[in-house]
Amino acid sequence: MPDNKEILYQGEWLRMVRIGHWESCERTHGRDGLAVLVIAVTPDDEVLFVDQFRVPLGARTIEMPAGLVGDGDGEDTLESAARRELIEETGWDAGRIDVLLIGPTSSGMSNERIAFARALDLRKVGEGGGVDDENIIVHRVPRAQAPAWLMRKHSEGYELDLKLWAGLWMIDHNPDGSRRD
């Protein structure tokens, strides 16, 4: 911890800090604020989205499956966290997980970084829905209709995670712009 870091609040999942004059939030659970977002398309060419109520927004949101790395035993790899979240939230498993890129989610406000992971060779293994009180609804949306479907959900009052559009692009592209193998 830098010498000039002051802890303003310490919670179970988050910590508010001041470094010099800058206030920010840090994740305290898992691996150094690292999360993973899973880009997943079924064998029927349907994109998997999750729908859940998010308390900080006071609204239902549409997202891609995601979660904290090290959430359970603290020993996760990016790939194992992606697989766990995909199964828990959607009921689908992947034959292969490719980690594409890691970067900050809100660099001026939080230490959280997210890894985009592409799940390949999917197979249905359960119902999904999340764990505990997540109450996740799984949506399987034909890929060609996904952007229009998302905008319909937005017009219905859903919050849309802006990372959705990056995820849709990375179904077919690598972060450098090259086509996916």
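Scroll up to find the structure.
Bear in mind that the values here come from a model prediction, so they are computed numbers and not experimental data. (Residues numbered from 1 in each chain as written. Predicted model: local features only at pLDDT ≥ 70, side-chain atom pairs only at ≥ 80, totals over all residues. Heavy atoms only, no water.)

Caption draft 1: Structural detail: the nonpolar core. Counting residues in each nonpolar core, the largest one holds 22 residues, and the members touching the most others are Ile39, Val47, Phe49, Ile62, Met64, Leu150 and Leu168. For this core, the secondary structure elements donating two or more residues are β4 (34-40), β5 (46-54), β9 (113-124), α2 (146-155) and α3 (163-169). Ignoring sequence-local partners within four residues, the contact set of Leu150 consists of Phe49, Ile62, Leu160, Leu164, Trp165 and Leu168. Core analysis: the second largest hydrophobic core is formed by 17 residues, Ala40, Ala82, Ala115 and Leu122 among them. (Core = buried A, V, L, I, M, F, W, Y, C linked by side-chain atoms within 4.5 Å. Buried < 20%, exposed > 50% of the residue type's maximum accessible area, 1.4 Å probe, protein only. Helix = DSSP H or I, 4+ residues; strand = E, 2+ residues; numbered from the N terminus. Contact = heavy atoms within 4.5 Å.)

Caption draft 2: Summary view of the sheet that holds β5. Read from one edge of the open sheet, four strands run β10-β5-β6-β11, paired in mixed fashion. Looking along the sheet, the strands with just one partner apiece sit at the ends: β10 (137-142) and β11 (159-160). Pairing geometry for β5 and strand β6 (residues 59-63), over five bridges, is antiparallel. Each residue of the ladder has a partner; that of Gln52, found in β6, is Thr61. Against the sheet, helix α1 (residues 78-90) makes contact with β5 and β10, and its axis sits at roughly 75° relative to β5, the strand it touches most. (Pairing = 2+ DSSP bridges. Axes fitted to C-alpha atoms, helices over the stretch in contact; angles between N-to-C directions.)

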